[in-house]
Amino acid sequence: MGVADVDLIYLAVGAAFLVGSMLPKLLAQRVLSVPMIVVGVGMMIGWLMPAESRLVDVIENAEFAERMAEVTVIVALYGVGLALDRPLSFRGWSTTWRLLVVGMPLAIVGVAFLGWWVLGLTPAVAILFGAILAPTDPVLAADVQVEGPRFGEDIDDEPDEARFALTSEAGLNDAFAFPFVYFAIYLAANGGPGEWIWTWLAWDLVGKTVIGAVAGWVLGRLVGEALYRLRIGDHQLVGYAEPGGAVATLLTAYGVGEVLGGWGFLAVFCAALGVRSAERGNEKHARFHEFVENTESVLTLLVLLVIGISFLADAVPRLEWSHVAVAAGVLLVIRPLAAGISLVGDKRLMRGERWVVSAFGVRGVGSLYYLCYAMEYFSQDDGWSLWPAVSLVIVSSIVLHGAAASPAMNALERYRQRATSA
């Protein structure tokens, strides 16, 4: 790494922090969002960057980009889990289960078909493409998610069902994409599924999911019980806990989930649910959530800069009209259609809420993570063939959903008021 590259890193990081420290509150309820601006700054840096520099080629530097995205996603997942006030249950989370069990597989199949038909991908790479772009993102969807944990009398207020659905979906489907990534890996390595399909079903789809969920929830519950039940003198242990302890918990949950063989992303999300289950109404949850959210914001700015720089420097020169057609299909057809089908007959959502939930499937940091993760098993040529379409979907989602989020949620609130007063 040369001196020029190091200077570029300082410039990029400084620009991201400068933007991120001043603009979030200024841009609240505006069409322009912080992610849009940060990606734009990254694209400007990518435009100014020397053509021979490969510093931000995410395929060339896949392991570095993977780790950066991985940390950002696990921090976001813990924050999402802390923000949910509703206890985990089959009936209370019925909309979420519909989106996961029906909507997400439909989206994977739809995106994979587009990749095979329009981009000419092999079946294994096409399924990988579907798994990369099917999950919604817990990092960039803050404008359409629940604001944070409530406490005191506010905890009994009826939650915003659309925001709850989008938040809980984002918390779970990043983990549920993993089995389909491995389906693509097995298909590329072993050919037809005849010999390995049952192993995939029993272990990757079911076994690792159960291990991750149980390990995370048990760890979170134990931490919660210790914080809110143990006392030192006249005070609960939680009174001595620093907000940074939330980061320690999420890292431990991820490590335990992975060491035991489960999905670490799922362990982190379930750990947060376990902590909340031990004590729902304590104001400390809000403080922990705020610290995690601030940590996530810093990490997100860095990842968005990398996405913006790499998009202009590495993806735009390779872009073709087929990539534009696929990106439009993913964001405007496949996600709304797959989610809409999954929500048919859902009685927890009003019709307007179903439209919003179907439309706002934000793609972002999770997609970058899965692409870079898969580079350990696929060739760089496969990665370079996917990056133009993947990065275009991410950038387009940031712009489209970022611009539409506040107007859509405001319109949805007016719709609810008219529906309840009718």
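What you see is a predicted model, and the numbers here were worked out from it, not measured in a lab.

How each quantity is defined
- Residues numbered from 1 in each chain as written.
- Predicted model: local features only at pLDDT ≥ 70, side-chain atom pairs only at ≥ 80, totals over all residues.
- Heavy atoms only, no water.
- Helix = DSSP H or I, 4+ residues; strand = E, 2+ residues; numbered from the N terminus.
- Buried < 20%, exposed > 50% of the residue type's maximum accessible area, 1.4 Å probe, protein only.
- Contact = heavy atoms within 4.5 Å.
- Areas by Shrake-Rupley, 256 points an atom, 1.4 Å probe, with all protein chains shown as cover.
- Patch = residues over 30% accessible without salt bridge, like charges linked within 9 Å, V, L, I, M, F, W, Y side chains within 5 Å.
- Salt bridge = Lys/Arg side-chain N within 4 Å of Asp/Glu carboxyl O.
- Core = buried A, V, L, I, M, F, W, Y, C linked by side-chain atoms within 4.5 Å.
- Expected span 1.5 Å × (residues − 1).
- Phe/Tyr/Trp six-rings, centres within 6.5 Å; stacked < 30°, edge-to-face > 60°.
- Lys NZ or Arg CZ within 6 Å of the ring centre and 35° of its normal.
- Axes fitted to C-alpha atoms, helices over the stretch in contact; angles between N-to-C directions.
- Parallel < 35°, antiparallel > 145°, perpendicular 65-115°, else oblique.
- Left-handed = near helix turned anticlockwise from the far one by under 90°.
- Nonpolar A, V, L, I, M, F, W, Y, C, P; charged D, E, K, R; others polar.

**Q** For this particular structure, what's the right way to read the overall build of the protein?
**A** A tally of regular secondary structure across the protein gives 15 helices and two strands. Here the protein holds 422 residues, and 54% of them are scored as buried. Taking contacts inside the protein between residues at least 6 apart in sequence as the whole, the part at least 24 apart equals 83%. Surface accessibility of the protein: about 18400 Å² in total, with carbon and sulfur atoms responsible for 65%.

**Q** I tried to follow the side chain of threonine 209 on my own but got confused; where do I start?
**A** With respect to the helices and strands, threonine 209 occurs in helix H8 (residues 197-229). Excluding residues that lie within four positions of it along the chain, threonine 209 makes contacts with Phe176, Asp204, Trp263 and Leu266.

**Q** Explanation requested: a nonpolar patch on the surface in the structure shown.
**A** Together, Val101, Val102, Leu106, Leu332, Val333, Leu337, Ile341 and Leu400 give the surface a local cluster of nonpolar side chains, amounting to about 700 Å² of exposed area. Elements with a contribution of two residues or more to the nonpolar patch: helix H4 (94-117) and helix H12 (321-342). Looking at which element gives the most residues to the nonpolar patch, the answer is H12, with four residues. Along the chain, leucine 400 turns up in helix H15 (residues 380-421).

**Q** Whenever I open this one, helix H13 (residues 351-359) confuses me. Can you help?
**A** Note on helix geometry: an α-helix contains 3.6 residues per turn, so any two residues three or four positions apart are oriented the same way. Listing the buried residues of H13 in full gives Gly352, Glu353, Val356, Val357 and Ser358. Along its buried surface, H13 packs onto H4, helix H6 (161-176), H12 and H15.

**Q** Help me understand the nonpolar core in this model?
**A** Nonpolar side chains in soluble globular proteins tend to be buried together. Counting 113 residues, the largest nonpolar core has Tyr78, Phe129, Phe265, Phe378, Leu386 and Val390 as the members making the most contacts within it. If you tally residues by element for this core, the top one is helix H3 (residues 62-83), at twelve residues. In contact with valine 390, not counting residues within four places along its chain, are Phe129, Ile132, Leu133, Ser367 and Leu371. Of all hydrophobic cores here, the second largest spans 14 residues; its members include Ala162, Ala165, Phe360 and Leu412.

**Q** In this structure, what is going on with helix H7 (residues 178-190)? I would like to understand it.
**A** The end-to-end C-alpha separation of H7 is 18 Å, in line with the 18 Å expected for 13 residues at 1.5 Å each. In terms of burial, H7 is a largely internal element, ten of the 13 residues being buried. Within the span of H7, buried status applies to Phe178, Pro179, Phe180, Val181, Tyr182, Phe183, Ala184, Ile185, Tyr186 and Leu187. Buried residues in H7 make contact with H4, helix H5 (123-133), H6, H8, helix H10 (264-278) and helix H14 (365-374). Positioned one or two residues after H7, glycine 191 has a phi angle of 80°, which is positive.

**Q** So what exactly am I meant to see when it comes to the packing of aromatic side chains here?
**A** The description of an aromatic ring pair rests on the distance of the ring centres and on the angle between the ring planes. Here the structure, examined in full by the defined rule, presents 25 aromatic pairs. On the numbers, 4.7 Å between centres and 5° between planes, the contact of phenylalanine 178 with tryptophan 263 is stacked. Of this pair, phenylalanine 178 sits in helix H7 while tryptophan 263 sits in the loop between helix H9 (245-259) and H10, and the two are 85 residues apart along the sequence. Over the ring of phenylalanine 164 we find arginine 86; its NZ or CZ atom is 3.9 Å from the centre of that ring. Cation over ring: lysine 208 sits above tryptophan 263, and NZ or CZ is 4.1 Å from the ring centre.

**Q** Is there a simple way to explain the packing of H7 against H14 in this structure?
**A** Packed helices, taken two at a time, are described by the angle their axes make and the gap between the axes. Between H7 and H14, the shortest axis-to-axis distance is 11 Å and the interhelical angle comes to 30°. Classified by the interaxial angle, the pair formed by H7 and H14 is roughly parallel. The handedness of the crossing between H7 and H14 is right-handed. Contacts from Phe178, Val181 and Tyr182 in H7 reach Tyr369, Tyr370 and Tyr373 in H14. Among the residues making up the contact of H7 with H14, the classes are represented as six nonpolar, no polar and no charged.

**Q** When you look at the pattern of salt bridges in this model, what are you seeing that I'm missing?
**A** Pairs can form between side chains of opposite charge whenever their charged atoms are close. Under the criterion given, the structure shown has twelve salt bridges. Ionic pairing is found between arginine 348 and glutamate 161, a salt bridge with its closest N-O pair at 3.2 Å. Placement of arginine 348 in the loop between H12 and H13 and of glutamate 161 in helix H6 is noted, with a sequence separation of 187 residues between them. Taking the relative accessible area as the measure of exposure, arginine 348 reaches 32% and is therefore partly exposed. Classification of glutamate 161 as buried rests on a relative accessible area of 8%. Bridged by salt links that share partners, the residues Arg221, Glu225, Arg229 and Glu279 form one connected network.

**Q** Can you walk me through the packing of H5 against H7 in this structure?
**A** At a closest axis distance of 8 Å, the pairing of H5 and H7 adopts a crossing angle of 170°. For the element pair H5 / H7, the angle class is roughly antiparallel. Along its contact with H5, which presents Pro123, Ala124, Ile127, Leu128 and Ala131, the element H7 presents Phe180, Val181, Phe183, Ala184, Leu187 and Ala188. Here the residues of the contact of H5 with H7 are counted per class, giving eleven nonpolar, no polar and no charged.

**Q** When you look at the environment of glutamate 296 in this model, what are you seeing that I'm missing?
**A** Checked against the element boundaries, glutamate 296 lands in helix H11 (residues 284-315). Given the relative accessible area of 12%, glutamate 296 is considered buried. The spatial distance from the C-alpha of glutamate 296 to the C-alpha of leucine 77 is 9.6 Å, given a sequence separation of 219 residues. If we skip the residues at most four places from it in the chain, glutamate 296 touches Val75, Ala76, Pro138 and Val139.

**Q** Would you take a moment to explain the environment of valine 146 for this structure?
**A** In this structure, valine 146 sits in the loop between H5 and H6. Apart from the residues within four sequence positions on either side, valine 146 is in contact with Ala83, Leu84, Arg163, Phe164 and Thr167.

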